[in-house]
Amino acid sequence: MRLFLLGFFFSLNLWAQSVTVIYQGQPEQTEPELRSVVYKMAIQKLIKEQMAAQNLDLVAYETAFEKKFSTWFAGIEAKRRVEWKDKPDLEALVAQEKLTSRESFAGLEKLLKRTTIKKFAAHPVELNKWEMVLEAEVDSRLLSLHHQRMLEDNKSFRKLFVRVQMDTQNFTWTDLQLKDASDFTSVVEAEWLKWFEANAPADVEEVVLCDATCRLSLEAWEVQDEKSMKSFVSPELVGSLLLTVNLNVEKDLIRSNASDTKMNHSGGVILHDLNTKRVLFWADLPKETQVIKTSEQKSFNSLLASYVYKYPLSQLLDAKNQVARSVSLTNSMTVKVMGASHLGQVMQFLNWMRVKGAGIQAQGKLDSFSQNEAKILFFFRGSENKFKALVSGSSELESELGRPLTVTELGPELIITLGEKQKQ
């Protein structure tokens, strides 16, 4: 047994790579800060060495990475510059945001199966110099996929996050001899991920599970409304989609007996654009009853998990197909229409914008309508200046509405004021 264990640990070490990083720190940096910086440097070095070991083109990868990252970060930077415009250290803040966003965009740590810091210590002689020896195992399959995705052309969406929210009735997870919901849902999510890998949406770079970092980012995202998304920034979520599967599982106490346990299932599926909070797709799940004929706990859990996995697959396919019909809208603006005599005029304006704004994928949503005033929230791709130019080129719109109009800018809003109807 001892020889077997020694051989087992030896074989594990064959798969682990080790790198050494030397870093010249600054006097004001604390040891935890230094440790974090050097750890990230070590991971980058490790990934590059492994790419070379797998004969992956590192130069092509780095060129593609910089191009994709610059395009992706441009939207974040634009929002931050508006948010921080009055701060004296604006450039330093933007530089730090770029560094943080780069780490999120790369996601290199997710390519590692495990890591071990074998050494982290200050240099015995030279001041502020630190050394780290990091040992880690790189997932070669994920690394190859990551490399391939970076070299591919840009797709409409960066990631599709898959999240399950499960509510139980008349039973608890401890009744299934599990610690918490994640012990059950993680198994189901992993199977859905495999399903998506076999049925990958063409316009998404990567399908991933919503992990702890994703769920933490969603806490801030969920309290926003569509208007506030104009200024909301979360690098983890930018340019991505969220597919949430809401499941309600109820143990039917009335109809269950000693030999048969009946579990009632219901719920729904919803697909969000994380840039704008637009709902791209939603569907209710039909109410169904599952009969489980076993009293053995592991078998019971397995049968329940298998059913839960299959239960929403038809709706997941519909959501996946909807992705191909959607585009990523990166910007938004509120337009206020003053002087509209009836809702039909507002809808006429919305239809005109949909046609004339096709080049920037302009999509409007009526936010409110009252006497002589309507608020419309527009989502679109590209810069605000292009959108403003489209709305402000009012001669065509005047002809469409049969009313003279003026366009003014008031803070974050455009105001369209309609005059009296033109005489024939």
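Our subject is the structure that appears above.
Residues numbered from 1 in each chain as written. Predicted model: local features only at pLDDT ≥ 70, side-chain atom pairs only at ≥ 80, totals over all residues. Heavy atoms only, no water.

## What about the overall build of the protein chain?
The helix and strand tally for the protein chain stands at twelve helices and 13 strands. For the protein chain, the spread of C-alpha atoms along the three principal axes comes to 100 × 75 × 40 Å. Buried positions account for 43% of the 424 residues belonging to the protein chain. Contacts in the protein chain between residues at least 24 apart in sequence constitute 71% of all its contacts with a sequence separation of at least 6. Approximately 23100 Å² of the protein chain is accessible, and the part contributed by carbon and sulfur atoms is 53%. (Helix = DSSP H or I, 4+ residues; strand = E, 2+ residues; numbered from the N terminus. Buried < 20%, exposed > 50% of the residue type's maximum accessible area, 1.4 Å probe, protein only. Contact = heavy atoms within 4.5 Å. Areas by Shrake-Rupley, 256 points an atom, 1.4 Å probe, with all protein chains shown as cover.)

## Topic: the nonpolar core
Side chains of a nonpolar character, in soluble globular proteins, are inclined to be buried together. In terms of nonpolar packing, the biggest core is built from 40 residues, with Phe184, Trp192, Leu247, Leu304 and Leu316 touching the most fellow members. Of all the secondary-structure elements, those providing two or more residues to this core are strand E4 (157-169), helix H6 (181-198), strand E5 (204-209), strand E6 (241-251), strand E7 (261-273), strand E8 (279-292), helix H8 (297-310) and helix H9 (313-324). Of the residues forming this core, the biggest block, six residues, is contributed by H6. Setting aside residues up to four positions removed in sequence, leucine 304 forms contacts with Leu176, Phe184, Val249, Met263, His265, Gln290 and Ile292. (Core = buried A, V, L, I, M, F, W, Y, C linked by side-chain atoms within 4.5 Å.)

## Side note on the sheet that holds strand E3 (residues 129-138)
In spatial order, the strands read E1-E3-E2; together these three strands make up an open sheet with antiparallel pairing. Of all the strands in the sheet, the pair left with one neighbour each is strand E1 (17-24) and strand E2 (112-122). Neighbouring strand axes in the sheet, compared pairwise and without regard to direction, differ in orientation by 20° on average. Where E1 and E3 come together, eight bridges link them in antiparallel fashion. The residue bridging serine 18 from the neighbouring strand is glutamate 135, located in E3. Across the sheet, helix H2 (residues 31-53) lies against E1, E2 and E3, angled at about 135° from E1, the strand it touches most. (Pairing = 2+ DSSP bridges. Axes fitted to C-alpha atoms, helices over the stretch in contact; angles between N-to-C directions.)

## Observations regarding the state of the cysteines
Enumeration according to the criterion identifies one disulfide in this entry. Each disulfide pairs two cysteine sulfurs, and for cysteine 210 the partner residue is cysteine 214, the sulfurs being separated by 2.0 Å. With the S-S dihedral at roughly -90°, the linkage between cysteine 210 and cysteine 214 falls on the left-handed side. The exposure classification of cysteine 210 matches that of cysteine 214, with both residues buried. (Disulfide = S-S within 2.5 Å.)

## Topic: the environment of serine 259
As for its placement among the helices and strands, serine 259 is situated in the loop between E6 and E7. Here serine 259 falls in the partly exposed class, since its relative accessible area comes to 48%. For the pair serine 259 and phenylalanine 232, spaced 27 residues apart in the sequence, the C-alpha separation amounts to 53 Å. Beyond its immediate chain neighbours, meaning those up to four positions away, serine 259 contacts Ile292, Lys293 and Thr294.

## Focus on H8
The terminal C-alpha atoms of H8, which comprises 14 residues, lie 20 Å apart, in line with the 20 Å expected from a rise of 1.5 Å per residue. Turning to H8, its buried residues number three or more, namely Gln297, Phe300, Asn301, Leu304, Ala305, Val308 and Tyr309. Viewed end-on, H8 has its buried residues packed into an arc of 165°, placing them on one side of the element. The N-terminus of H8 is capped by glutamate 296, whose side-chain oxygen sits 3.3 Å from the backbone nitrogen of lysine 298. (Expected span 1.5 Å × (residues − 1). Arc of directions from axis to C-beta. Polar contact = N/O pair within 3.5 Å; in protein donor to acceptor, adjacent residues only side chain to side chain.)

## Looking at the environment of histidine 272
Take histidine 272: it is sitting in strand E7. For histidine 272, a relative accessible area of 14% gives the class buried. Taking the C-alpha atoms as reference, histidine 272 lies 22 Å from alanine 74; in sequence the two are 198 residues apart. Contact partners of histidine 272, with chain neighbours within four places excluded, come to Trp221, Ser240, Leu241, Leu242, Lys277, Arg278 and Val279.

## Focus on the sheet that holds E5
Strand order in the open sheet formed by five strands is E5-E4-E6-E7-E8, with mixed pairing between adjacent strands. Every other strand in the sheet has two partners, leaving E5 and E8 as the edge strands with one partner each. The average undirected angle you get between the axes of adjacent strands in this sheet is 15°. Examined bridge by bridge, E4 and E5 share five bridges and lie parallel to one another. Counted as the bridge partner of lysine 159 is glutamate 206 from E5.

## Comments concerning the packing of aromatic side chains
Tallied over the full model, the rule gives 15 aromatic pairs. Centroid distance phenylalanine 65 to phenylalanine 69: 6.1 Å. Interplanar angle 10°. Geometry classified as stacked. One end of the pair is phenylalanine 65 and the other is phenylalanine 69, both in helix H3 (residues 58-83) and four residues apart, which spans about a single turn. Given a relative accessible area of 7%, phenylalanine 65 falls into the buried group. Exposure remark for phenylalanine 69: the relative accessible area of 0% places this residue in the buried category. An angle of 15° between the planes, with centres 5.6 Å apart, marks the rings of phenylalanine 69 and phenylalanine 73 as stacked. In this pair, phenylalanine 69 and phenylalanine 73 are both assigned in helix H3, four residues apart and thus about one turn of the helix distant. (Phe/Tyr/Trp six-rings, centres within 6.5 Å; stacked < 30°, edge-to-face > 60°.)

By themselves, these are just geometric observations and shouldn't be taken as functional.
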